[in-house]
Amino acid sequence: MKIIKTTSLTRRTFAIYWRYTRRYLPEFLVASVGSGLAVIVQSMIPPYIVARIFSKLQYAYAHHQALHFSMFSGYFTWFAVLMLIGMVLWRVQSYFVWKLEENIRRDIANDIYDHLQAQSQRFHADRFGGALVSQTNKFLGSYERLMDDFIWTVIPSVTTIVAAIVILLLVSWPYALIMLAVVAVYLSLMSRRIVRQMPHNLALAQRESEQTATLADAITNMGTIRAFAGDRYESKRFRQYSGRQHAAYRKLSIEALKTDSLSHVQTNGFQIITLLGGLLAVTTYSLNVSLLYLLISYTQNIVNRLWEFSRLLRNTNRSLGDAAEMTEIFGIIPEVKDPTKPEKLAMRRGEVKFQDVAFAYPENQDDALFKGLSLKIKPGEKVGLVGPSGGGKTTITKLLLRFMDIEKGQISIDGQNIAAVKQSDLRSRVAYVSQEPILFHRSLAENIGYGDIGAEQAVIEAIAKKPTPTSSSASYRKVTKPWLANAALSSAAGSASGWRLPGRCSRTRRSWC
Ligand SMILES: Nc1ncnc2c1ncn2[C@@H]1O[C@H](COP(=O)(O)OP(=O)(O)OP(=O)(O)O)[C@@H](O)[C@H]1O
Ligand SMILES: [Mg+2]
């Protein structure tokens, strides 16, 4: 069951990554083809040239010929030219890999941001910001590692193995067939390890996210922890999460050690057998020395690539485990959606109407918060909602801003159904001041200007100078650091704790109630 889940997640992760890679197909193709060509030029042809030199040397020794550099100068030139071409190919393809990855990292980051921003309040209430940040970073890092591995390990490995077997087929077909069988056995054994290891990578990624979330939660509430003397409790709590992460790491490391051991036994064993077989062939069947060199050289090439396969396995598993959580989030369709054909905003005067509204939080589906709620607020009218704690006052404001959708009835402003317009249009017409002060870690000017994004500096300054508990021109000028801004606005918002925050811009919006 677990395996089915991880394989489908893996497929979804690859599908998402491919969707982005496809956007930069030329870069991807140059990077991939360049890598394969560079391996052929720099690693596959040179051993063939060296084997030719050996062959010539052996012939010269056997026939007591005098040796001159000119006998080998042609080979030398070829060798040097190939190295040069290989170097140019690697550099060019590296440039395209960088270009591909930097573009895609930016695109994915932007899309994750938009996707998270489009999610409902419930989505964000159910998740901790620190965990989402960690999952975003892991998703980006995972793309980069997978792409690096594909271009710099998978392509060179496949090219090396295919090219070596083709050359060996021409040189000694029985040996080439043995080699093919060795590669097939190795890959089939190691593929089983991928499936075995994957759940452990996934578990570790989850434990890491939990640890990051706990850390971020504690850091953002450090003042509260101190005020409540919760230091020891928090420290113990954090250690529990670190302990879980440590345990997951331990389990994964044991699996990785088993994988590496299996790989090591196979690759080293095969190298020993090749040398032994080659030496026996030279001594018993007078095998040509240049052929022995070729066999050993290509075998070494293949074995090195196979050995890298185990590292590749570990990295791929780790990357897919890291990406899994964000892949799942990518699959979440926002609860509150914009209409497919949004109406043009017609709200001008501000008449609010709730007509026969029914709403229940999903946790309390059987016990609806509102049933048949009707309410009318005239333009400019000031209304105070009075009710017991938990009566639904805040929920009414959230429904008006369409943070959640109602189940029945209609909410309209100036006769226009709020569900018929784009959410951002609706919210741009409503000034909302929550019970808790909302502050960004940005300058005071930016915090004040947020009520009217794009407001001119002079307007912001004028508002800052208005007589409010904290906003004096002197304090505005001084307050340029985000934390000072937060301190200043916290006290302002705290004293307001209602519908309008003194000193926050609001040119286009109306304040309800
Ligand atoms: N995100 C949520 N998920 C589930 N239930 C919720 C959620 N938010 C509020 N509730 C529940 O809905 C009811 C109304 O909550 P609401 O916050 O609207 O009340 P309120 O009148 O504003 O209370 P207070 O005076 O304490 O601010 C409460 O029972 C509350 O527990
Ligand atoms: Mg409330």
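Residues numbered from 1 in each chain as written. Chains lettered and ligands numbered in written order. Predicted model: local features only at pLDDT ≥ 70, side-chain atom pairs only at ≥ 80, totals over all residues. Heavy atoms only, no water.

S.K.: Even after reading the chapter, I still don't get helix H2 (residues 25-62), so can you show me in this structure?
M.R.: The α-helix advances 3.6 residues per turn, and as a result positions three or four apart in sequence lie on the same side. Taking 1.5 Å of rise per residue, 38 residues should cover 56 Å, and H2 covers 55 Å from first to last C-alpha, within 8% of that figure. Taken as a whole, H2 carries its principal kink of about 35 degrees at Ile-45; the proline Pro-46 stands between one and four residues after it. Phi turns positive one or two residues past the end of H2, at His-64, with a value near 50 degrees. (Helix = DSSP H or I, 4+ residues; strand = E, 2+ residues; numbered from the N terminus. Expected span 1.5 Å × (residues − 1). Bend = angle between axes of the 7 residues up to and from the residue.)

S.K.: Any chance you could explain the packing of aromatic side chains here in plain terms?
M.R.: Each aromatic ring pair is described using two quantities: the centre-to-centre distance and the angle formed by the ring planes. What the rule picks out here adds up to 12 aromatic pairs. Aromatic side chains Trp-18 and Phe-28 sit 5.8 Å apart centroid to centroid with 70 degrees between the ring planes, which places their arrangement in the edge-to-face category. Residue Trp-18 is found in helix H1 (residues 2-23), and its partner Phe-28 is found in helix H2; the two are separated by 10 residues along the sequence. A relative accessible area of 39% places Trp-18 in the partly exposed class. With a relative accessible area of 12%, Phe-28 lands in the buried category. Here Tyr-186 and Phe-309 contribute two aromatic rings whose centre-to-centre distance is 6.1 Å and whose plane-to-plane angle is 65 degrees, an arrangement assigned as edge-to-face. Taken as a pair, Tyr-186 in helix H6 (residues 173-220) and Phe-309 in helix H9 (residues 289-330) lie far apart in primary sequence, 123 residues in all. The exposure class assigned to Phe-309 is buried, which follows from its relative accessible area of 18%. An aromatic cluster is built from Tyr-17, Phe-139, Tyr-143 and Phe-330, whose rings are joined through pairwise contacts. Here Arg-442 stacks its cationic end above the ring of Phe-440, 4.2 Å away from the centre of that ring. (Phe/Tyr/Trp six-rings, centres within 6.5 Å; stacked < 30°, edge-to-face > 60°. Buried < 20%, exposed > 50% of the residue type's maximum accessible area, 1.4 Å probe, protein only. Lys NZ or Arg CZ within 6 Å of the ring centre and 35° of its normal.)

S.K.: What's the story with the site of ligand 1 in this structure? I'm lost.
M.R.: What surrounds ligand 1 is a group of 13 residues, the closest being Ser-389, Gly-390, Lys-393, Thr-394 and Thr-395. One nitrogen or oxygen atom from the side chain of Ser-389 is found 2.6 Å from an oxygen atom belonging to ligand 1. In the environment of ligand 1, an oxygen atom lies 3.2 Å from a nitrogen or oxygen atom belonging to the backbone of Gly-391. Relative to its free-state accessible area of 630 Å², ligand 1 is covered by the protein chains to the extent of 63%. At three residues, helix H10 (residues 393-400) tops the list of elements feeding residues into the shell around ligand 1. (Near = heavy atom within 4 Å. Polar contact = N/O pair within 3.5 Å; in protein donor to acceptor, adjacent residues only side chain to side chain. Areas by Shrake-Rupley, 256 points an atom, 1.4 Å probe, with all protein chains shown as cover.)

S.K.: I'm lost on the side chain of Thr-136 in this one. Help?
M.R.: Considering the arrangement of structural elements, one finds Thr-136 in helix H5 (residues 129-171). A residue is classified by how much of its surface remains accessible, and Thr-136, at 14% relative accessible area, is buried. In this structure the side chain of Thr-136 is engaged in a polar contact, spanning 2.8 Å, whose partner is the backbone oxygen of Leu-132. Those residues within four positions of Thr-136 in sequence are excluded, and the remaining contacts are Ile-112, Leu-116 and Met-326. (Contact = heavy atoms within 4.5 Å.)

S.K.: Can you help me understand unusual backbone geometry in this one?
M.R.: When glycine is set aside, most residues are seen to have a negative phi, and most peptide bonds are trans. Phi is positive for Ala-229, which is not a glycine, with a value near 50 degrees. Note on Ala-229: relative accessible area 62%, which makes it exposed. Residue Asp-356 is not a glycine yet carries a positive backbone phi of 50 degrees. Looking at the element boundaries, Asp-356 is found in strand E1 (residues 352-359).

S.K.: Please explain H5 as it appears in this structure.
M.R.: Look at H5: 61 Å from first C-alpha to last across 43 residues, which is about the 63 Å you get at 1.5 Å a residue. In the structure, H5 departs most strongly from a straight axis at Phe-150, where the bend amounts to approximately 35 degrees.

S.K.: Explain the pattern of salt bridges to me, please; I cannot follow it from the model alone.
M.R.: Between side chains of opposite charge, a pair can form when the charged atoms approach closely. A full pass over the atoms with the stated rule returns 20 salt bridges. For Asp-107, the salt bridge is made with Arg-106, and the minimal N-O distance between the two is 3.2 Å. Overall, the relative accessible area of 43% leaves Arg-106 in the partly exposed class. Across the salt bridge formed by Arg-311 and Asp-149, the nearest N and O atoms sit 3.6 Å from each other. Placement of the pair is Arg-311 in helix H9 and Asp-149 in helix H5, with a sequence separation of 162 residues. (Salt bridge = Lys/Arg side-chain N within 4 Å of Asp/Glu carboxyl O.)

S.K.: Would you take a moment to explain the side chain of Arg-193 for this structure?
M.R.: Here Arg-193 is to be found in helix H6. Judged by its relative accessible area of 11%, Arg-193 is buried. If sequence neighbours within four positions are ignored, Arg-193 has contacts with Glu-255, Lys-258, Thr-259, Leu-262 and Leu-313.

S.K.: Can you walk me through the packing of helix H3 (residues 73-118) against H9 in this structure?
M.R.: Packed helices, taken two at a time, are described by their axes: the angle between them and the distance between them. Two elements in contact, H3 and H9, have axes separated by 11 Å at closest approach and are oriented at 55 degrees. Here H3 lies oblique to H9, going by the angle between them. Viewed along their axes, H3 and H9 form a crossing whose handedness is left-handed. Seen from H3, the contacting residues are Ile-112, His-115 and Leu-116; seen from H9, they are Met-326, Ile-329 and Phe-330. (Axes fitted to C-alpha atoms, helices over the stretch in contact; angles between N-to-C directions. Parallel < 35°, antiparallel > 145°, perpendicular 65-115°, else oblique. Left-handed = near helix turned anticlockwise from the far one by under 90°.)

S.K.: Looking at this structure, how should I read the packing of helix H8 (residues 231-285) against H9?
M.R.: The interhelical angle for the contact between H8 and H9, taken along N-to-C directions, is 175 degrees, at an axis separation of 10 Å. As summarised for this structure, H8 and H9 are arranged roughly antiparallel, according to the angle between their axes. Taken together, the residues that form the contact of H8 with H9 break down as 12 nonpolar, 10 polar and three charged. (Nonpolar A, V, L, I, M, F, W, Y, C, P; charged D, E, K, R; others polar.)

S.K.: Is there a simple way to think about a nonpolar patch on the surface in this case?
M.R.: A cluster of nonpolar side chains, namely Val-158, Val-162, Val-166 and Leu-170, defines an oily patch on the protein surface of about 400 Å² accessible area. Within the secondary structure, Val-158 is located in helix H5. (Patch = residues over 30% accessible without salt bridge, like charges linked within 9 Å, V, L, I, M, F, W, Y side chains within 5 Å.)

S.K.: So what exactly am I meant to see when it comes to the environment of Lys-341 here?
M.R.: Within the secondary structure, Lys-341 sits in the loop between H9 and E1. On the basis of relative accessibility, which here comes to 77%, the residue Lys-341 falls in the exposed class. Along the primary structure Lys-341 and Ala-420 are separated by 79 residues, whereas in three dimensions their C-alpha atoms are 8.1 Å apart.

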